[in-house]
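Each chain, letter by letter, is given below.
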Amino acid sequence: MFGPGSAGTTPASAAVTIPGTLLSESQTRVGWTLGAGLEKKFGTNWSAKLEYLYLDLGSATYFGGTANQTSVGFHDHVFRAGINYAFSPAVVAKY
């Protein structure tokens, strides 16, 4: 996953196909992301987190100039919540 402020994110093989036709088209999208998050420790090894990410890859028109012309906007809001466990470091004997 790309971090906050990443540019140049590209969806993998984002092909648009209109059902009932044999047409297919794909484009590489360049855009940006912006995100923020919070994490709070609530035990010796445990923490909880909340994250938000906004993704904007612009808009595109596929099949321009045909009867199947369609416009698509690539914008998304991602919310994440999680619980983390931090494993204790390995104990090393000192002689």
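Novice: Which parts of the structure should I look at to understand a nonpolar patch on the surface?
Specialist: A contiguous nonpolar surface patch, about 620 Å² in accessible area, is contributed by Phe42, Trp46, Ile83, Tyr85 and Phe87. Mapped onto the fold, phenylalanine 87 is located in the segment after β5 (70-85). Judged by relative accessible area, phenylalanine 87 falls into the exposed class, the value being 70%.

Novice: I would appreciate a short explanation of the sheet that holds strand β4 (residues 46-62) in the present structure.
Specialist: Two orientations exist for strands paired in a sheet by backbone hydrogen bonds: parallel and antiparallel. Spatially, β3-β4-β5 is the arrangement adopted by the three strands of the open sheet, whose pairing is antiparallel. Of all the strands in the sheet, just β3 (32-41) and β5 have a single pairing partner and so form its edges. For this sheet the average axis-to-axis angle between neighbouring strands, irrespective of direction, equals 10°. Strand direction decides the pairing type here: β3 and β4, joined by ten bridges, are antiparallel.

Novice: What is the right way to read the side chain of arginine 29 from this model?
Specialist: On the secondary structure map, arginine 29 appears in the loop between β2 (24-26) and β3. Buried arginine 29, no salt bridge; nearest opposite-charge side chain is aspartate 56, N-O distance 7.2 Å. From its side chain, arginine 29 meets the backbone oxygen of leucine 57 in a polar contact 3.1 Å long. A distance of 2.9 Å separates a polar side-chain atom of arginine 29 from the backbone oxygen of serine 59.

Procedures and definitions
Residues numbered from 1 in each chain as written. Predicted model: local features only at pLDDT ≥ 70, side-chain atom pairs only at ≥ 80, totals over all residues. Heavy atoms only, no water. Patch = residues over 30% accessible without salt bridge, like charges linked within 9 Å, V, L, I, M, F, W, Y side chains within 5 Å. Areas by Shrake-Rupley, 256 points an atom, 1.4 Å probe, with all protein chains shown as cover. Salt bridge = Lys/Arg side-chain N within 4 Å of Asp/Glu carboxyl O. Helix = DSSP H or I, 4+ residues; strand = E, 2+ residues; numbered from the N terminus. Buried < 20%, exposed > 50% of the residue type's maximum accessible area, 1.4 Å probe, protein only. Pairing = 2+ DSSP bridges. Axes fitted to C-alpha atoms, helices over the stretch in contact; angles between N-to-C directions. Lys, Arg positive; Asp, Glu negative; His and termini not counted. Polar contact = N/O pair within 3.5 Å; in protein donor to acceptor, adjacent residues only side chain to side chain.

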